[in-house]
Amino acid sequence: MKTPYQNIYKVLRLNRFIVLAMVIGAVVTCIVSLIMVIKLHKETVNSAFVVNGEGQVIPLKLVTQRESLEVEALAHLELFHTYFYHIDASNYEKHLQKALWLGNSTVDALYRQKKADGVYNRLLQYSLVQKVISIDSKVDLQKEPYHFETTTVFEINRGSVIDRYELKTSGALIHVDRHFPINTHGLLITNFFENTLKRIEHETGKE
C-alpha cells in the first residue's frame, strides 16, 4: 500500500514556522546578550578597583567612602578639641555645651571632673584665655569603633605670662545619626581620655 503524500502547503507552512521561530529565538538571544554585556560594562566602570600597599584589590567606591570618612572623622575631632579646649571667660559655657554633644558620657565625666577641680572657676577668677594653636589627629579606620589619638597644642594667657602646653588625648569614634547643627558629621567620641599634658618651653627667638 502506498504512503499518501502530505499536502505540500502544510509542509511549507510547518517549515516556515520552524524557520521563523529559530530567527526570533536568535534575535532574542542576541538582544539579551547585548543587554548583559552593556550592564556588565557599566558595573565594571562604576566599580573600578585599586590595589593597596599589601597587594589587595579594593573597590574604588570603598576607597572613596573611606576617604570621605577620614575627612569627616578628622573634622569631627578638630571641632570637638576646639570647643573643649579653646575657651575663655566669655565663651566657655557655649563652647563646652557644643563639645558635649560630640562625645558620650566619658566626655561628660571629664568635664564634670574639671569643673569639680575648679578649672572653670579659675578661668573666670583670673580672666584666663586658653587658645588652641594646633590639632593633629590620627584615626584608624579599619573597623568601627575607630580608634584615634590627638595632639593638641594650646596656650594659656595669664596677662603678662603666656604658657604653651601639649596635650595628648585618645578615644574612639562610632557612627550616630546626623543632627544639624549639633552633630553634623554623625560621629560620637567614646572612651575619651587625656593621656599626657606637658608644658612646652619656648625656644630663644621664637614665640
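Here the residue numbers are simple positions, counted from 1 along each chain's written sequence. Since the coordinates come from a predicted model, pLDDT governs what is reported: local features require at least 70, and pairs of side-chain atoms require 80 or more to be given and counted, while whole-chain, interface and lining totals use all residues. Calculated side-chain values reflect all of the structure's heavy atoms, with hydrogen atoms and water omitted.

## Comments concerning the packing of aromatic side chains
Each Phe, Tyr or Trp ring, with Trp reduced to its six-membered ring, pairs with another whose centre is within 6.5 Å; inter-plane angles below 30 degrees give stacked pairs, above 60 give edge-to-face pairs, and intermediate values give tilted ones. If you walk through the whole model with that rule in mind, you get eight aromatic pairs. Aromatic side chains Phe-84 and Tyr-85 sit 5.0 Å apart centroid to centroid with 80° between the ring planes, which places their arrangement in the edge-to-face category. Assigned by exposure class, Phe-84 and Tyr-85 land together as buried. Geometrically, the ring pair formed by Phe-84 and Phe-192 is edge-to-face, given 6.5 Å between the ring centres and 80° between the ring planes. Of this pair, Phe-84 sits in helix 2 (residues 60-85) while Phe-192 sits in strand 7 (residues 187-200), placing them 108 residues apart in sequence. Across the pair, Phe-192 and Phe-84 agree in class, each one buried. Only protein chains enter the accessibility calculation, which uses a 1.4 Å probe; a residue whose area is less than 20% of its type maximum is buried, one above 50% is exposed, and one in between is partly exposed. Secondary structure elements are taken from DSSP: a helix is a run of H or I of four residues or more, a strand is a run of E of two residues or more, and numbering for both begins at the N terminus.

## A look at helix 4 (residues 105-116)
Any helix carries an expected span of 1.5 Å times its number of residues minus one. In this model, helix 4 (twelve residues) spans 16 Å end to end at C-alpha, consistent with the 16 Å of a helix rising 1.5 Å per residue. Among the residues making up helix 4, those that are buried are Val-107, Leu-110, Tyr-111 and Lys-114. Buried residues along helix 4 cover an arc of 100° about the axis, so they all sit on one side. Set apart from the buried face of helix 4 by more than 90 degrees, the exposed residues are Ser-105, Arg-112 and Ala-116. Looking one or two places after helix 4, you find Gly-118, whose phi comes out positive at around 85°. The arc in question is the one spanned by the directions pointing from the helix axis to the C-beta atoms.

## Focus on the sheet that holds strand 6 (residues 162-175)
For two strands to be treated as a pair, DSSP must find no fewer than two bridges joining them. Here we have five strands laid out as an open sheet, ordered 3-4-5-6-7, and antiparallel in their pairing. With partners counted over all chains shown, the strands left at the sheet margins are strand 3 (87-88) and strand 7, one partner each.

## Observations concerning the pattern of salt bridges
A carboxyl oxygen of Asp or Glu within 4 Å of a side-chain nitrogen of Lys or Arg is what we treat as a salt bridge. A full pass over the atoms with the stated rule returns eight salt bridges. Measuring nitrogen to oxygen at the nearest pair gives 2.4 Å for the salt bridge that ties Glu-155 to Arg-164. Each member of the pair, Glu-155 as well as Arg-164, is classed as buried. For Lys-198, the salt bridge is made with Glu-166, and the minimal N-O distance between the two is 3.7 Å. One end of the pair, Lys-198, is in strand 7; the other, Glu-166, is in strand 6, and 32 residues separate them in sequence. Given a relative accessible area of 48%, Lys-198 falls into the partly exposed group. By relative accessible area, Glu-166 is classed as buried at 17%.

## Re the layout of surface pockets
Approximately 340 Å³ is the volume found for the largest pocket. Of all the secondary structure elements, the ones that give two or more residues to the lining of the largest pocket are helix 2, helix 5 (119-125), strand 5 (146-157), strand 6 and strand 7. Broken down by element, the lining of the largest pocket gets its largest block of residues, four residues, from helix 5. Throughout this entry, Asp, Glu, Lys and Arg are counted as charged residues, while Ala, Val, Leu, Ile, Met, Phe, Trp, Tyr, Cys and Pro are counted as nonpolar. The remaining residues, Gly among them, count as polar. Residue composition of the lining of the largest pocket, by class: twelve nonpolar, one polar and four charged. Here the term cavity refers to a set of points on a 1 Å grid, laid over the protein atoms alone, in which a 1.4 Å probe fits but cannot get out; the term pocket refers to an open set having protein on both sides within 12 Å along at least five of seven lines, with lining residues being those that place an atom within 4 Å of a point. Grid points are joined across faces, edges and corners, and a volume is the space filled by probe spheres set on the points.

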